[in-house]
Amino acid sequence: MFIYLLHEPIEDQELLTLKGENEVKYLLESEQMLELADDVMKYEVLDAVNPLKSHAFGVFNNIPVSDEGRGTFEERFQNRARKIEAEPGFVAIKVCRPLNSDTYIIMTFWESEADFENWKTSNAYQHAHKKRGTSEGIDQQQPQIFPRPSFVELYNVSN
């Protein structure tokens, strides 16, 4: 499965509209790799739970990863605790490998922004991030795999 993030909609394609604080993007999901313009961000989905749906709150954690760190990073997400799926208001998750950049995106979708905020204070969130900033965390063991700081984008999702 592949995900494409566009700045302009494409006719005759089923797209989700992502409305952020200062921008609008369009998300196209496809079973096949598509030939699209060079400015379209292209991703291969490594892991997914549940289909995407409109009328959700999207949280995109953008994580730049060096070429040498891709294997380590992907292994971490393949072995994740998978507790987020049981959280109230959880809709979907997509772990996306970049095809034309160095920035992975971990997309989570929630029924509402309040559900996402509740997740951030939950025991499941604490468990998922318990190694962050410690000697056991990937960010401390191999900080050179992250060439730049990660950043989060928040979107209201509609069709």
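Before reading on, note that the structure itself is shown above.
In this text, all values refer to a predicted model and were calculated from it rather than measured experimentally.

Focus on helix α1 (residues 70-78)
Here comes step 1: Those residues of α1 that fall on the buried side of the exposure criterion are Arg70, Phe73, Glu74 and Phe77. Taken down its axis, α1 places every buried residue within 95° of arc, on the same side.

Let's talk about the sheet that holds strand β6 (residues 90-98)
Here comes step 1: Strand order in the closed barrel formed by 8 strands is β1-β3-β2-β8-β5-β7-β6-β4, with antiparallel pairing between adjacent strands. Recorded for the sheet is a direction-independent mean angle of 30° between the axes of neighbouring strands.
Here comes step 2: Against the sheet, α1 makes contact with β4 (41-49), β5 (56-64), β6 and β7 (103-110), and its axis sits at roughly 20° relative to β7, the strand it touches most.

Examining the pairing of strand β3 (residues 24-30)
Here comes step 1: Counting buried residues along β3, 5 of its 7 residues qualify, which places the element largely inside the surrounding structure.
Here comes step 2: In this sheet, β3 lies alongside strand β1 (residues 2-6) in antiparallel orientation, the contact comprising 5 bridges. What sits directly across from tyrosine 4, in β3, is leucine 28.
Here comes step 3: Bridge analysis of strand β2 (residues 15-19) against β3 gives 5 bridges, and the strand direction is antiparallel. Considered in β3, the bridge of leucine 16 is made with leucine 27.
Here comes step 4: Here β2 folds back onto β3, and the loop between the two strands holds 4 residues.

Each value, and the rule that gives it
- Residues numbered from 1 in each chain as written.
- Predicted model: local features only at pLDDT ≥ 70, side-chain atom pairs only at ≥ 80, totals over all residues.
- Heavy atoms only, no water.
- Buried < 20%, exposed > 50% of the residue type's maximum accessible area, 1.4 Å probe, protein only.
- Helix = DSSP H or I, 4+ residues; strand = E, 2+ residues; numbered from the N terminus.
- Arc of directions from axis to C-beta.
- Pairing = 2+ DSSP bridges.
- Axes fitted to C-alpha atoms, helices over the stretch in contact; angles between N-to-C directions.
- Contact = heavy atoms within 4.5 Å.

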